[in-house]
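Breakdown of the fold
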Amino acid sequence: MRFNYLASLLLLSGVFTFTAPTSAAMQETSSAEPTTLSPDIDEQLLCTEPFCLWVQPQVCVTENAPAVCEETVSVSWRSETPLNACLAFDEKVLTCWRQEEVGTWLGDLTWFGDEILVLFTVEDSELNAAGEWRERPRRTGRNSRQQFLNSVEILASTEMQIQSLFPKARRRLGSPWSVF
Amino acid sequence: MIFASALLAPLAFAHGQTHSELTPELAAERAAEPEHTQSTNDTTLAQFNDSLKVFINQINVRVAMGYGERSSIIRGTDPLSFYVLPDVSYYGEKFFFDNGMLGYSIKQSRRHEVSIFTKLNTEFSYFTDSITGYWFGDAYSGGLSSTSMQPSGGWGDFTDDEEILPDVDNVAKRAWAIDAGIRVDYYPAERTHVGLAVQQDIRNKHNGYSAAFMVSQGVPTGLGNFQVKGELTYKSDKLVDYYYGISSRDNVAPIYHYRGKAVMQPAMSLHWQYPLRERLSLVSSARVMWLGDGVADSPLVTKDTTTTFFLGVSYAF
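I will try to describe carefully the structure that is included in this document. (Residues numbered from 1 in each chain as written. Chains lettered and ligands numbered in written order. Predicted model: local features only at pLDDT ≥ 70, side-chain atom pairs only at ≥ 80, totals over all residues. Heavy atoms only, no water.)

A few points about the pattern of salt bridges
Counted by the stated rule, this structure contains 11 salt bridges over all chains. Here Arg174(B) and Asp250(B) are joined by a salt bridge, their closest N and O atoms 2.7 Å apart. Linking Arg174(B) in the loop between helix H7 (158-163) and strand E7 (177-189) with Asp250(B) in the loop between helix H8 (237-244) and strand E11 (263-275), this pair joins segments that are 76 residues apart in sequence. Residue classification places Arg174(B) among the buried residues on the basis of a relative accessible area of 1%. A single salt-bridge network, built from bridges that share partners, covers Arg172(A), Arg62(B), Asp87(B) and Asp98(B). (Salt bridge = Lys/Arg side-chain N within 4 Å of Asp/Glu carboxyl O. Helix = DSSP H or I, 4+ residues; strand = E, 2+ residues; numbered from the N terminus. Buried < 20%, exposed > 50% of the residue type's maximum accessible area, 1.4 Å probe, protein only.)

Thoughts on the packing of aromatic side chains
The description of an aromatic ring pair rests on the distance of the ring centres and on the angle between the ring planes. All names here are of chain B. Summed over all chains, the structure comprises 17 aromatic pairs over all chains. What links up through ring pairs into an aromatic cluster is the set Phe 127, Tyr 242, Tyr 243 and Tyr 244. Of note, Arg 203 hangs over the ring of Trp 176, and the distance from its end group to the ring centre comes to 3.8 Å. Against the face of Tyr 242 rests Arg 249, its NZ or CZ located 5.2 Å from the ring centre. (Phe/Tyr/Trp six-rings, centres within 6.5 Å; stacked < 30°, edge-to-face > 60°. Lys NZ or Arg CZ within 6 Å of the ring centre and 35° of its normal.)

A look at the state of the cysteines
All names here are of chain A. Counted by the stated rule, this structure contains two disulfides over all chains. Each sulfur of the disulfide joining Cys 60 and Cys 69 lies 1.5 Å from the other. By relative accessible area, which is 0% here, Cys 69 ends up buried. Linked covalently through their sulfurs, Cys 86 and Cys 96 form a disulfide whose S-S length is 1.9 Å. (Disulfide = S-S within 2.5 Å.)

A few points about the nonpolar core
Counting 26 residues, the largest nonpolar core has Ile74(B), Phe127(B), Tyr243(B), Tyr244(B) and Val301(B) as its most contacted members. Breaking this core down by element, the ones donating at least two residues are H8 and E11 of chain B. No other element matches the five residues that H8(B) contributes to this core. If you look at the next biggest cluster of nonpolar residues, it comprises 22 residues, including Leu53(A), Val73(A), Leu109(A) and Leu155(A). (Core = buried A, V, L, I, M, F, W, Y, C linked by side-chain atoms within 4.5 Å.)

So, helix H2 (residues 144-151) of chain A
Residue pairs three or four apart in sequence face the same way in an α-helix, which turns once every 3.6 residues. Residues and elements named next belong to chain A. Three or more residues of H2 are buried, namely Ser 144, Phe 148 and Leu 149. The arc enclosing the buried residues of H2, seen along the axis, measures out at 140°, which places them on a common side. Taken together, the buried residues of H2 touch strand E3 (69-89), strand E5 (115-121) and strand E6 (153-164). (Arc of directions from axis to C-beta. Contact = heavy atoms within 4.5 Å.)

Thoughts on the sheet that holds strand E6 (residues 112-121) of chain B
Residues and elements named next belong to chain B. Pairing is antiparallel around the closed barrel formed by 12 strands, whose spatial order is E2-E3-E4-E5-E6-E7-E8-E9-E10-E11-E12-E13. Along the sheet, successive strands turn relative to each other by an average axial angle of 20°, direction set aside. Contacts from H8 reach E6, E7, strand E9 (209-221), strand E10 (224-235) and E11 within the one sheet, and its direction differs from that of E10 by about 95°. (Pairing = 2+ DSSP bridges. Axes fitted to C-alpha atoms, helices over the stretch in contact; angles between N-to-C directions.)

Details of the environment of Val313(B)
All names here are of chain B. Mapped onto the fold, Val 313 is located in strand E13 (residues 305-316). Measuring from C-alpha to C-alpha, the distance between Val 313 and Leu 85 comes to 9.8 Å, with 228 residues separating the pair along the chain. In contact with Val 313, not counting residues within four places along its chain, are Val 63, Ala 64, Met 65, Leu 280, Ser 281 and Leu 282.

Overview of the pairing of strand E8 (residues 192-201) of chain B
Residues and elements named next belong to chain B. Counting buried residues in E8 gives seven out of 10 residues, a clear majority hidden from the surface. Linking E7 back to E8 in an antiparallel pair, the connection comprises two residues. Bridging between E8 and E9 involves nine bridges; their strand directions are antiparallel. Bridge assignment links Val 198 to a residue of E9, and that residue is Ala 211.

Quick look at H8(B)
Residue and element names in this part refer to chain B. Every buried residue of H8 is accounted for by Leu 239, Val 240, Tyr 242, Tyr 243 and Tyr 244. Buried residues in H8, looked at end-on, bunch into an arc of 165°, giving them a common side. Where H8 is buried, its residues contact E6, E7, E9, E10, E11 and helix H9 (293-296).

Here you go:
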């Protein structure tokens with residue numbers, strides 16, 4: 001009668017390494033340690049690539065019918081060479097770094113299953129004195145997310161996923177027992 | 001109560017446990033209703049059932065056994081008794097079958113759904129008093145078999161005929177029709193369903209149409225789950241005239257000829273379900289429908305309302 005799978009949310013973590021400033025050569029591992037919000041030492045040591053990005057959690061598992069995840073998400077990256085980079089979540093820029101070799105961000109995110117967390121490189125001139133990114137003017141509309149992604153140099157990106165244990169459901173249109 | 005309401009559609013649960021599909025792609029759609037989010041399984045599942053949702057790609061079959069009766073409105077018919085009441089539905093992503101209604105949803109959004117559908121028009125069922133007649137459409141074909149109406153010798157004048165009221169045995173057979181139409185369903189709140197459907201006869205039996213507006217509200221209580229429904233149905237001249245009009249096609253005296261007129265038919269119904277076990281529930285339904293003058297004024301019709309009730313035990317397969 002009852003679902004006995006998990007607690008309401010089980011957090012998984014995702015770790016990505018990149019051999020080049022593209023999204024190629026993606027590796028994913030996962031662990032079920034919901035309290036870990038930054039890459040542990042072992043994971044950091046495992047990063048032997050020129051660029052590594054950790055996102056925790058990257059997938060959430062929910063049993064609820066309207067699948068929505070609201071989690072504190074940790075984003076960390078490390079690069080062999082200093083970078084100008086910004087982190088954006090579903091078009092919204094969360095933070096930027098200027099000439100850094102490591103970066104971390106910790107904050108609350110809400111995702112519905114198809115949002116993209118993207119780290120993109122920026123020119124020095126695109127960052128203002130406060131270190132904020134001056135967004136290029138762009139049209140907003142139906143494909144504004146795609147326009148955004150097309151307009152930036154993506155270093156790494158990952159889709160924030162939801163795995164729902166609840167079967168797909170829809171509203172019933174007819175009335176039960178309505179044969180008469 | 002949470003446990004009780006969680007049992008409202010035990011079939012869905014049984015399948016839900018074994019068909020735990022992982023569906024991240026639908027997440028955004030579902031998340032459009034964050035007020036539904038709950039932290040406990042039971043509450044979520046209870047809400048799921050209270051809100052009258054169905055799991056897609058699953059055949060949902062429930063059968064209730066008990067006793068039910070629909071009052072007769074046509075002279076010469078007895079109340080329609082039934083002992084078994086099925087509830088069968090299958091919903092795909094867009095396609096659906098629901099108790100005889102076959103449809104396809106052409107627009108689905110957070111609170112609205114627009115669908116095209118086709119279904120059996122059950123108006124002919126008032127002309128039968130057997131459940132087989134209801135299901136298989138063998139409504140009485142009195143115009144062909146009746147001999148009582150033949151004028152005989154000196155008795156065969158209209159005065160005698162006028163004493164014989166039109167009834168199901170002496171009027172022509174009314175055929176069943178198939179409707180097709182479009183419906184808009186709106187869900188303004190968790191357990192509230194508002195629907196508007198317009199449908200037309202596509203079997204060329206009467207070429208009439210009807211339009212129905214309904215509001216249904218689920219009310220979970222400690223004594224089971226109640227569903228209150230109000231309906232208002234418009235039936236066109238042609239539809240009413242085909243079934244309730246009397247003309248030369250019918251073997252009755254011309255004095256009884258009647259032309260059916262369009263009607264507005266309000267109806268109220270109350271459904272109750274009380275879970276007994278995982279798949280077993282007590283169910284009860286009661287419905288009253290006002291026929292409207294255009295129908296009730298017909299010499300064939302003996303009442304101005306029709307009532308239906310059922311009490312039984314339902315089992316979910």
